[in-house]
Amino acid sequence: MMDLILWRHAEAEEATDGCDDLARVLTARGEKQAARMAAWLDRQLPEGLRVLASPARRTEQTANALGRRFKIRAELLPGGSAEDLLELAQWPRAKGTVLVVGHQPVLGQTIAHLLELKAAECAVRKGAVWWLRQRHRMDQSQTVLLTVQSPEFL
């Protein structure tokens, strides 16, 4: 059994012409979103999980709110692919739990792929968490959606 938790970075400053997209930081609202979601996650997460984050400043700030060690991985930069994300997480081969802090649209593309949705991607709100589990039942592998949490509703 493997759990994959996909956490979209919290609200960040809007991109402007000539700005470095990777340097954009969280807004004050985004900092509150990240803190609220991190508090909820901290109560739910098992020991020994792996945490991976995009090198973008807004994802680092979101991951920092959790207060756990994490690894920065270039595969999670904006413009990455669902395949890269799943390979990095070692889905579904790894055991335990992997938390990925990343961006749209790749998080929504990964969710749509894993849940076999007709759409190419699904919407993931800023600061939200989607928790998926890979399990085996009657010799079949299944992906189950355990929960979707948004910081506005915690």
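Thresholds, definitions, all that
Residues numbered from 1 in each chain as written. Predicted model: local features only at pLDDT ≥ 70, side-chain atom pairs only at ≥ 80, totals over all residues. Heavy atoms only, no water. Axes fitted to C-alpha atoms, helices over the stretch in contact; angles between N-to-C directions. Helix = DSSP H or I, 4+ residues; strand = E, 2+ residues; numbered from the N terminus. Parallel < 35°, antiparallel > 145°, perpendicular 65-115°, else oblique. Contact = heavy atoms within 4.5 Å. Nonpolar A, V, L, I, M, F, W, Y, C, P; charged D, E, K, R; others polar. Buried < 20%, exposed > 50% of the residue type's maximum accessible area, 1.4 Å probe, protein only. Pairing = 2+ DSSP bridges.

1. So, the packing of helix 3 (residues 82-89) against helix 4 (residues 106-114)
- At a closest axis distance of 8 Å, the pairing of helix 3 and helix 4 adopts a crossing angle of 75 degrees. On the basis of the axis angle, helix 3 is roughly perpendicular to helix 4. Contacts from Ala82, Leu85 and Leu86 of helix 3 reach helix 4 at Val106, Leu107, Gln109, Thr110, His113 and Leu114.
- Considering only residue class, the contact of helix 3 with helix 4 consists of six nonpolar, three polar and no charged.

2. With respect to helix 2 (residues 57-64)
- Three or more residues of helix 2 are buried, namely Arg58, Thr59, Gln61, Thr62 and Ala63.
- Check the buried side of helix 2 and you find it contacts strand 1 (2-8), helix 1 (28-44), strand 2 (50-53) and strand 4 (96-102).

3. Considering the pairing of strand 2
- Here four bridges tie strand 2 to strand 4, and the two strands are oriented parallel to one another. In the strand pairing of strand 4, Leu52 is matched with Val100.
- Inspection of the sheet shows strand 2 paired to strand 3 (residues 71-72) by two bridges, in the parallel sense. When the sheet's bridge partners are listed, Leu52 is paired in strand 3 with Lys71.

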